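Structure at a glance
Read off the chains here:
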Amino acid sequence: MKHIISILIITFFIFSCSKKEADLIVINSNTYTVNNNFENAEAFAVKNGKFIAVGTNKEIQNSFTSKNIIDAENKTIVPGLIDAHCHFYRMGLQQQKVSLEGTKSYDEVLQKLVAFQKEKNTKFITGRGWDQNDWEVKEFPTKEKLDELFPNIPVAITRVDGHALLVNQTAIDLSGITKNTPVSGGEIIVENGKMTGVLIDAAMDFIKFPSTSKQEAIQGLLDAQKISFSYGLTTVDDAGLSRNTIELIDSLQQTDDLKMRVYAMVSGDNQEQINYYIKKGIIKTDKLNVRSFKVYGDGALGSRGAAMRKPYSDRENHFGALIYSPERYQEIAKQIANSEYQMNTHAIGDSANTWMLKTYKDVLKDAKNRRWRIEHAQIISEEDFTHFDNILPSVQPTHATSDMYWAKDRVGAERMKGAYAFKDLLNKYGKIALGTDFPVEQVNPFLTFYAAVARQNTEGFPTDGFQMENALSREETLKGMTIWAAYSNFEEEEKGSIEVGKFADFVILDQDIMKVSSNEIPKTSVISTYLNGEKVF
């Protein structure tokens, strides 16, 4: 008997020694790997921050041992989610300002401002999130009530899309502008010969905001990270950052205070920054990737700043506007085309999309694999879809479900045929990158997933979905939030799927978003978020 026990002990010892040591093993999971075959797996192993094996429970447990084993109890696991277009830093800073998201009237906005000032007693009131399209009176507010409530304190509150600003007279006086101040690429709205306090796009730049302290900036980044990890985001594409902010992000990542992976789009609205980064070249670490410029082509549809080929259907002889002259876009594009950098342009109106697609084609010639992106690609003329054959569409599905109540009034039935046309764009390019544009929309990526698949609001409206011919399948949507988003960042070899050799970024969910009924998708919650195999939420 002793002899048999000894043999068993020796056999077990030899068998154990033959196993490789992993830092982490996950078993009993319903893992969507998002590999080329979109395969499922039961288990995987992690070592030094990367996946080293993916397979069945038996395969992983027979080959690896670890002091850290997670029994996923058949929970769904997906690759770390990537938001292909957001404003991570801006969202973080917003946590320190008055939040106006979800307000249902101008009076409610005013109430929030009064309550905020009573608590904070700031010298300059700033905030973001109002949207007149959500109010019963769907007209831009005016500054009279702001002037009454805050006669001596400057107030500047940004519309939800970031393309319109409401200011009081004190803020106007500080800026030195008048109703006659010339504006290129924007508008100072005047009614009855007086400024209303609403500034559109480039006109917003006249307002002198208080500078952000370094501590406020750091806190904003850390706040944004905490919120993003709670929703399963492990990479964010921050669209339009200054050199100072990028360098702050890098420094915080180096000390490991900021763990979030950031694909940084340098603000292309500053020629000095374009020159600096093109000369410096691509900056790439495991956490930071600086290789693109974000340029504004036009404004937003909600504030009628999007550049249209024909007048807005609900405002006579109004076309919106390009932010810069056509010649300026050519100059920027040529300079970027002669570098290794990517150009990512905000284009919402059909005129902006037409011009930017033409500009891209002119400067890129037949260059392959440049992956230049059109951000939003919201209203596309029928003949322009063909130009997405080598121009990558980067869209935000919740824009469709936010705008569907009034978009037709803005552009008319004919132009709506090419609006929010995600499936048509996917069919032309073969891939599509998905994001939220937060804080314009909510951070929650499961609302992105739901809007792409069901094209409804969370109350199930409209019953048959909004322009369902352009809905995406669940597989296409998950790819758009993982591997295709990684591809849009030139990072598909290191992230975006659960495969050997890639960063061990993954998310454990409380339900299977690929199988639950569509109305259940928005209720999805993140159980845990892992970055490099380390639990960060």
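Residues numbered from 1 in each chain as written. Predicted model: local features only at pLDDT ≥ 70, side-chain atom pairs only at ≥ 80, totals over all residues. Heavy atoms only, no water.

Notes on the overall build of the protein
To keep things clear, this is the line we draw: Helix numbering and strand numbering both begin at the N terminus, where a helix is a DSSP run of H or I of at least 4 residues and a strand a DSSP run of E of at least 2. The globule rule used for comparison is 2.2 Å times the number of residues to the exponent 0.38, while the radius of gyration itself is calculated over C-alpha atoms. With a 1.4 Å probe rolled over the protein chains alone, any residue whose accessible area is under 20% of its type maximum counts as buried; one over 50% counts as exposed, and the rest are partly exposed. In these tables, accessible area is a Shrake-Rupley quantity obtained with a 1.4 Å probe, and a residue counts as shielded only by the protein chains included in the view.
A count of helical and extended segments in the protein gives 17 helices and 27 strands. For the protein, the C-alpha radius of gyration of 25 Å lies close to 24 Å, the compact-globule estimate for 537 residues. For the C-alpha atoms alone, the extent of the protein along its principal axes is close to 105 × 55 × 55 Å. The buried share among the 537 residues of the protein stands at 58%. Taken as a whole, the protein presents about 22900 Å² of accessible surface, with 49% of it coming from carbon and sulfur.

A short note on a negative patch on the surface
Put simply, the test is: Grouping into patches uses exposed residues only, defined as over 30% relative accessible area, and leaves out salt-bridged ones; the cut-off is 9 Å for like charges and 5 Å for nonpolar side chains (Val, Leu, Ile, Met, Phe, Trp, Tyr). A pairing counts as a salt bridge when a side-chain nitrogen of Lys or Arg comes within 4 Å of a carboxyl oxygen of Asp or Glu. Counted as positive: Lys and Arg. Counted as negative: Asp and Glu. His and the chain ends are not counted at all. Note on charges: their place is set at NZ of Lys, CZ of Arg, CG of Asp or CD of Glu.
Together, Glu 139, Glu 144, Glu 148 and Glu 191 make up a negatively charged patch on the protein surface. You can call Glu 139 exposed: its relative accessible area is 52%.

Examining unusual backbone geometry
Note the cis peptide between Phe 438 and Pro 439, where omega equals 10°. Following the sequence through the fold, Pro 439 ends up in the loop between β24 (433–434) and α15 (445–453). In this structure, Pro 462 follows Phe 461 across a cis peptide bond, with omega equal to -10°. Locating Pro 462 in the fold gives a position in the loop between α15 and α16 (474–480).

Quick notes on the side chain of Gln 330
The condition is simple: Residue contacts follow a heavy-atom distance rule, with two residues in contact if any of their heavy atoms lie within 4.5 Å.
For Gln 330, the location among the structural elements is in helix α10 (residues 326–337). Apart from residues no more than four positions distant in its own chain, Gln 330 is found in contact with Trp 355, Thr 359, Asp 362 and Val 363.

Structural notes on helix α14 (residues 422–429)
Just so we agree on the cut-off: Throughout, the arc means that of the directions going from the helix axis to the C-beta atoms.
Within α14 the residues assigned to the buried category are Phe 422, Leu 425, Leu 426 and Tyr 429. Buried residues of α14 fall within an arc of 100° about the axis and therefore sit on the same side. In the core, the buried residues of α14 are packed alongside β23 (392–395), α12 (397–403), α16 and α17 (483–488). Phi turns positive, to about 100°, at Gly 430, one or two residues after α14.

A short note on the sheet that holds strand β2 (residues 24–27)
In a beta sheet, neighbouring strands are held together by backbone hydrogen bonds and run either parallel or antiparallel to one another. Under the convention used in this document: Should DSSP find at least two bridges between two strands, the strands are regarded as paired. In this analysis, axes come from line fits to C-alpha atoms, helices being fitted only over the stretch in contact, and the angle between any two N-to-C directions falls in the range 0 to 180 degrees.
Pairing within the open sheet is mixed, and its four strands lie in the order β6-β5-β2-β8. Strands with a single pairing partner mark the edges of an open sheet, and in this sheet they are β6 (50–55) and β8 (69–71). Sheet twist, expressed as the average angle between the axes of neighbouring strands with direction ignored, equals 15°. Across three bridges, β2 lies against strand β5 (residues 43–47) in antiparallel orientation. Directly across from Val 26, in β5, lies its bridge partner Phe 44.

A look at the pairing of β23
Taking every second residue as pointing to the same face, both faces of β23 are buried, with Leu 392 and Ser 394 on one and Pro 393 and Val 395 on the other. Of the pairings in the sheet, the one linking strand β22 (residues 373–376) to β23 comprises three bridges and is parallel in character. Looking at the pairing, Ile 374 lines up with Pro 393 of β23.

Things to note about the side chain of Glu 491
Going by this rule: Any N or O atom pair separated by 3.5 Å or less is treated as a polar contact, with the protein-specific requirement of one donor-capable and one acceptor-capable atom, and with residues adjacent in sequence counted only for side-chain atom pairs.
With respect to the element layout, Glu 491 can be found in the loop between α17 and β25 (506–509). According to the relative accessible area criterion, Glu 491 is buried, its value standing at 3%. Here Asn 289 takes part through its side chain, which lies 2.9 Å from a polar atom of the side chain of Glu 491. Those residues in contact with Glu 491 that sit more than four places away from it in its chain are Thr 235, Tyr 263, Lys 284, Asn 289 and Ala 486.

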